[in-house]
Amino acid sequence: MIRIKHIYFLLLFLFSFSTLVAQENTKEKEVIEKLINDAVVDYMDSDYGKALQTSKQALMKSFAINDNLLIAQSYNTIGVIFNECSDSKKAIEFYEKALSYAQKENSDILFNWIYSNLGSVYYFNNIDVNKGIVYYKKSLFYAEKIKDSVQIEYTKLNLASAYFAIKKYDLGNEQIDAVREQILKKNNQEAKLSLNLLMGIYSSKKNKKLVAEQHFFTAKKIAEENGFDSFLINVYENLVNHYAFYKESKNELLYQAKLDSLSKVVYSDEKLEKFRKAADQIELDEYKIQLNRIEKVNEDHQKSIKDSKLIAILFMLVLIILLLFLLTLYKNIKLREQANRELELANEALKEAKEKAEEASKLKSQFVSTITHELRTPLYGVIGLTNIILDEHKELGNSPHLKSLKFSAKYLLSLVNDILQMNKIEEKRIVLENLIFNLTDEITTIKNSVEYIADKNNDTLTVEIDTSIPEFLIGDKLRLSQIIMNLVSNALKFTKNGHVSLIADLKHVEGSTYFIEFKVKDTGIGIAKEDQEKIFEQFVQIERKEEDYQGTGLGLSIVSRLIKLFDSEIHLESEQNVGTTFSFTIGFEYDQEKSKEIINEIEVDLSQNLVYNILVVEDNKINQIVTKKIIQNSNMTCTIVDDGFAALVAIEKEHFDLILMDINMPLINGFETTRKIREKGIKIPIIALTAFDKQEVTEEALAAGMNDIMVKPFDPSKLFQVVAKNIKNKKSVD
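Rules and cut-offs
- Residues numbered from 1 in each chain as written.
- Predicted model: local features only at pLDDT ≥ 70, side-chain atom pairs only at ≥ 80, totals over all residues.
- Heavy atoms only, no water.
- Phe/Tyr/Trp six-rings, centres within 6.5 Å; stacked < 30°, edge-to-face > 60°.
- Helix = DSSP H or I, 4+ residues; strand = E, 2+ residues; numbered from the N terminus.
- Buried < 20%, exposed > 50% of the residue type's maximum accessible area, 1.4 Å probe, protein only.
- Contact = heavy atoms within 4.5 Å.
- pLDDT = per-residue confidence, 0-100.

Colleague: Go over the packing of aromatic side chains, please, and point to the residues and values.
Modeller: By the definition in use, this model includes 23 aromatic pairs. Here the aromatic rings of phenylalanine 164 and tyrosine 202 are separated by 6.1 Å at their centres, their planes lie at 15°, and the arrangement is stacked. Within this pair, whereas phenylalanine 164 is found in helix H8 (residues 149-165), its partner tyrosine 202 is found in helix H10 (residues 189-205), the two being separated by 38 residues in sequence. Of the two residues examined, phenylalanine 164 and tyrosine 202, each falls in the buried class. Site record: aromatic cluster; members linked through ring pairs are Phe111, Tyr115, Tyr122, Tyr135, Phe141 and Tyr142.

Shown next, in the form of structure tokens:
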């Protein structure tokens, strides 16, 4: 296959570091920049071992000062060296690491370089030429975005070479025509060499033998005059192919001999041996870093073992109680579903059967509401007490037992929420919201939340987000997060020692609506064809012979129904022992002016230095401890009373800025207490704290005179926002 190598220019732009590094130019950064430049010089001199050693020093120093841009550039340089030495797998690995750090800084210049290098490694090593072309086009997008004329010229030359490799000569010639005039006007010898070599290839294939040789010899002259040995090798390769094409064996043998002679010098065994030693040293350094981390984790683990026994006992007791609750919930729901099915099959003409079906449905809703309330209340205490233990005993921060306790409580909370979510969907009580959100932030949050599953199963989890997707979108981010979280956690659960990918790709735009395709791929155990339709049904779990996978069987059913709310559908591709891919497409609105308006309306988190006095009305002793700790951690003060009558007495004796009111209390509930406070003409903001679903109590809470509602368990930062917002609203009215 005819090829023209064209990677070097991506490294020679290192002089522009001053424009890349927005932070102050310290001496350490100058040292790193010099190391990378030295590596480039060694690379151009074909001293690959020395170039790799120098690049490794730059990488280690970049990590030491935590500079993402320099880390990305160091990884990119190492990738180029590995690619030159035909280790394409390592090259791709380092390019992808470079890309991940470039994305943290959103550097268009680095995106341009790295995508071009990825294109080259897939193309030059004959891995996937078409995939290489895709990466070249991404590189061209960023080159045009930053208006870098030199990079545009080089990328188009690379595209031309790739098109020639798949015999699309006219497409390649279009790329050459677009930059020929600009290159010939400049004094860039490398670009002129590449241009003539490509024009020679095109002319040769179009049976213009003499024109082709004229271009080849021009390229040869430039390479010899400037000492471009790597490019001279490429010129010889194409001359050999040219004379072979025209069956001039004498000239073919002549240039084959020159090619072999020069290749032995450029790619000598001694140089390659230095390169291999440097590569081995990089891997050894990485192993040392990993060993140090393991030893540190083991040391911390040993220190916390003595303090973890009590936590382990507490964990087991709570787990047993919650599992009993969950089992009761599951059995009752299954019984009620069975009753509903029997009623639906009965004679609908009979009034008595109809009344029984309606009564059963009502009882089901009441049961779900009651049992979720009864489960959320102790879960609020468990999660809160776990956070208090972590806050008061920093030495237990890495305790596996405490982490397990917190995970189990959150896991059971998610199961309870799944049951409630399914009930809402069935009763058509979910309405999609339009909120401003950042897709990258949402996906990053999900990735961080499921890392523990990946670590447990020794999986790698990667995220790919199309850079063409706008930063801010408008839509229901909560439902989208629920869909993605379910699919990703499910993929990790059924994948061991494998890979899971989350991909977001912009498919098309219609007006102000951006249609984004989401894919979750895994290399797990797969799903048999006969089971693929069943998995979206409620409470269905496919039988597994080797492992016991826990769960309610509601996750994929919820996913399927939520996606339908977005007027979309989910697609499944799976093969046993190969992997599974779920995909769906959702349209989100993008309106720059509307986004600014919504952002301006968002209340700022009011974790200010203002001291508010809060009255907490709560009868549950454990929840009193948790709520009090959350309030005190925000530099606010609070008074706690056990019931509504005590609350009425407290507000007569002391001034409070706000009241947190539990709803379900003995003697007098929160609604009635609020009515009595309002009858006295007291306008203190009152926020309902409840374990009931918000939709069930909103109407009655507002009617009683409450200002807002918080559902337990809740995020402490959310409570701070709601408290401060209501106090601010009260002051503005006054």
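Colleague: Go over the side chain of serine 489 with me, naming the residues and quoting the values.
Modeller: Along the chain, the position of serine 489 falls in helix H20 (residues 477-493). Dropping the residues within four chain positions of it, serine 489 is found in contact with Val450 and Ile453.

Colleague: Mind laying out the environment of tyrosine 612, listing which residues take part and the relevant values?
Modeller: One can find tyrosine 612 in the loop between helix H22 (592-601) and strand E8 (613-617). Between the C-alpha atom of tyrosine 612 and that of asparagine 635, which follows or precedes it by 23 residues, the distance is 8.2 Å. In contact with tyrosine 612, other than residues within four places in its own chain, are Met636, Thr637, Asp657, Ile727 and Lys731.

Colleague: Lay out the confidence of the model for the protein in plain terms, naming residues and giving numbers.
Modeller: Detailed reading of the predicted coordinates is not advisable wherever pLDDT is low. Confidence in the prediction for the protein averages 79 pLDDT; 75% of positions are at 70 or higher. The least confident element of the protein is helix H1 (residues 17-20), whose mean pLDDT is 41; the most confident is strand E5 (residues 513-522), at 95. Low pLDDT, under 50, characterises residues 5-24; the stretch is placed with 61 contacts to residues that sit more than four places away or in other chains. With pLDDT under 50 throughout, residues 603-607 is counted as low confidence; its partners more than four residues away or in other chains account for eight contacts.

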